[in-house]
Amino acid sequence: MNDQIAGRFAEWLRERGIGLSDEQLAQFETYFRELVEWNEKMNLTAITEREQVYVKHFYDSVSLSFFVPMAEVGSLADIGTGAGFPGIPLKIAYPHLSLTLVDSLNKRIRFLEHVADRLGLEGVTCIHARAEDAARKPELRDAFDLVTARAVARLPLLNELCLPFVKTGGRFVAMKGSDVTEEVGESGRSLRELGGELGKVHQFRLPLEEAERHLVEIRKVRRTPKAYPRKAGIPAKHPLV
Ligand code: SAM
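Residues numbered from 1 in each chain as written. Predicted model: local features only at pLDDT ≥ 70, side-chain atom pairs only at ≥ 80, totals over all residues. Heavy atoms only, no water.

### Examining the side chain of Glu217
And step 1. Among the structural elements, Glu217 can be located in strand β7 (residues 212-220).
And step 2. A polar contact of 2.6 Å, which involves the side chain of Glu217, links it to the side chain of His202.
And step 3. Sequence-distant contacts of Glu217, defined by excluding residues within four places in its chain, comprise Arg171, Phe172, Val173, Glu197, Leu198, Gly199, Lys200 and His202. (Helix = DSSP H or I, 4+ residues; strand = E, 2+ residues; numbered from the N terminus. Polar contact = N/O pair within 3.5 Å; in protein donor to acceptor, adjacent residues only side chain to side chain. Contact = heavy atoms within 4.5 Å.)

### A word on the packing of aromatic side chains
And step 1. By the definition in use, this model includes 17 aromatic pairs.
And step 2. With a centroid separation of 5.1 Å and an interplanar angle of 45°, the aromatic rings of Phe28 and Phe58 are classed as tilted. One end of the pair, Phe28, is in helix α2 (residues 22-39); the other, Phe58, is in helix α3 (residues 50-62), and 30 residues separate them in sequence. Like Phe58, Phe28 is buried.
And step 3. The interplanar angle of 45° and the centroid separation of 6.1 Å between the aromatic rings of Phe67 and Phe204 together place this pair among those described as tilted. Residue Phe67 is found in helix α4 (residues 64-67), and its partner Phe204 is found in strand β6 (residues 196-205); the two are separated by 137 residues along the sequence.
And step 4. Pairwise contacts between aromatic rings join Phe9, Phe28, Tyr31, Phe32, Tyr54, Phe58 and Phe85 into one cluster. (Phe/Tyr/Trp six-rings, centres within 6.5 Å; stacked < 30°, edge-to-face > 60°. Buried < 20%, exposed > 50% of the residue type's maximum accessible area, 1.4 Å probe, protein only.)

Dropping the structure here:
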């Protein structure tokens, strides 16, 4: 791959200590093509310009690994993954991960199954469910080393949707945009009830337009009580604030 967009993407990641092989770069390019093609048939993303996809979807997704040592992570769950962000870019960059993608929209799940197959990714499970229902399945509850979600909900709600999936001792990292102070300030009750403890809030800027991003790291310190998550729809209607 020696075109400028892919070349710069590889260089930006190399500066962060992440090396991608030609095969991995080819997987990112195939993912980009499939995303744009399927986006004509269904609503997957508002971002379709190639460089924008590489920066705002691919680089942004992989940024989780700037702050979490992926070598220590065996299992990753991405809740409300949509078109596969951040889960699929992380799986391309870190093929050892056992990845579980959860989304409540079946069309998106079909796209993800197709992409995982097209890219030859092994160890990817796509689950069509509301997070509130999926978190009640014994094989998914308290099961993951790392759980993440990008652009799904505000932190108090997100804690209820994501923390039940995390192993005690594992972490949940919420991938957020510009300002998180208010959301973090509102998250005390949900953290207490769900067994989480606030860790670091990491910050970086995307290449090119330099938009700010924040990643909120939360440790699971206790098992989530059986009462959570509440029935599908209730957490959004009555967030734990
Ligand atoms: N994470 C992706 C990204 O960053 O591009 C998608 C973000 S999109 C704005 C939010 C996604 O969360 C949608 O695909 C939606 O179907 C899913 N979602 C919202 N609430 C959910 C829930 N309770 N359980 C599972 N998925 C949910």
